[in-house]
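Descriptive structure summary
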Amino acid sequence: MYSTLLFLHSLGRWAVLCGLLYGMGRAYRGWRGHLPFTTHDNTTRHTVATVAHVQLMLGYALYITSPLLRDFHLRDAVHEPGTLFFGLQHVAAMTVAIIVLTVGSALAKRQSTSPTKFRTMALWFTAALLLILLAIPWPFSPLASRPYFRLPH
Ligand code: HEM
């Protein structure tokens, strides 16, 4: 159960990043190019938010099952940077990032013109992407280092 969740969550990062980059690409292109906001743009907006929500759910399931966070207590974790990262910083930053993405997606949907839809989507998705990039445990991260890809076992 745990190793399957870890594998899916590790892979899910790429789905979220690719989705966000694609969504931002369409949003900036539409905003700058004064294009109409099409059904495809709307599906992209919605799909990116859904993929991020699945990753959020996987993250919470991992939080509950991870042996790393068994008996997690903030007071003790302050002295263990790896545990503190996953038990607090990663969870908090990713949850905020996905709230930002969701608010941006909902606001974009409610705008009445194509340029404002694209602009809202572009700016909020960019803010979410920056937070996510900062909170991913990249192999080169000084906070917590994890592989780019994890195989199932
Ligand atoms: C866009 C959102 C998120 C992304 C891109 C993301 C990405 C990642 C990545 C790449 C790892 C390392 C996986 C590995 O070791 O191969 C990880 C680990 C972890 N994530 Fe997330 N995460 C996100 C959201 C969350 C959330 C919302 C939670 C909890 C509420 C969470 C909890 C965890 C935990 C507990 C681990 C460590 C598991 C372990 O090593 O036992 N993640 N995350």
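About the cut-offs
Residues numbered from 1 in each chain as written. Predicted model: local features only at pLDDT ≥ 70, side-chain atom pairs only at ≥ 80, totals over all residues. Helix = DSSP H or I, 4+ residues; strand = E, 2+ residues; numbered from the N terminus. Buried ≥ 20, exposed ≤ 12 C-beta atoms within 10 Å, placed from the backbone. Contact = placed C-beta atoms within 7 Å. Axes fitted to C-alpha atoms, helices over the stretch in contact; angles between N-to-C directions. Parallel < 35°, antiparallel > 145°, perpendicular 65-115°, else oblique. Left-handed = near helix turned anticlockwise from the far one by under 90°. Nonpolar A, V, L, I, M, F, W, Y, C, P; charged D, E, K, R; others polar. Core = buried A, V, L, I, M, F, W, Y, C linked by C-beta atoms within 7 Å.

**Some remarks on the overall build of the chain**
- Secondary structure summary: the chain contains five helices and zero strands in total.
- Its helices and strands in sequence order give the chain the pattern α-α-α-α-α, from N to C terminus.
- Once the C-alpha set of the chain is aligned to its principal axes, its extents read approximately 50 × 30 × 25 Å.
- Taken across its 153 residues, the chain has 25% of its residues classed as buried.
- At a minimum sequence separation of 6, the contacts of the chain that also span at least 24 residues come to 71%.

**Focus: the packing of helix H1 (residues 2-32) against helix H2 (residues 39-65)**
- Two numbers describe how H1 lies on H2: the axes approach to 8 Å, and their chain directions differ by 155°. The angle between H1 and H2 falls in the class roughly antiparallel. The element H1 and its partner H2 pack so that their crossing is left-handed.
- For the contact of H1 with H2, the residue count by class is 15 nonpolar, ten polar and three charged.

**Points about the nonpolar core**
- Grouped together as the largest cluster of nonpolar side chains are 24 residues, with contacts concentrated most on Ala97, Leu101, Phe125 and Ala128.
- Contributing elements (two or more residues each) for this core: H1, H2, helix H4 (81-110) and helix H5 (114-135).
- With eight residues, H5 is the single largest residue contributor to this core.
- If we ignore the near neighbours within four places in the chain, the residues touching Ala97 are Ala128, Leu131, Ile132 and Ala135.

**Some details on the environment of Leu143**
- The residue Leu143 is located in the segment after H5 in this model.
- Accessibility expressed as a C-beta count within 10 Å gives 16 for Leu143, which makes it partly exposed.
- Between the C-alpha atoms of Leu143 and Thr44, which are 99 residues apart in sequence, the distance is 32 Å.

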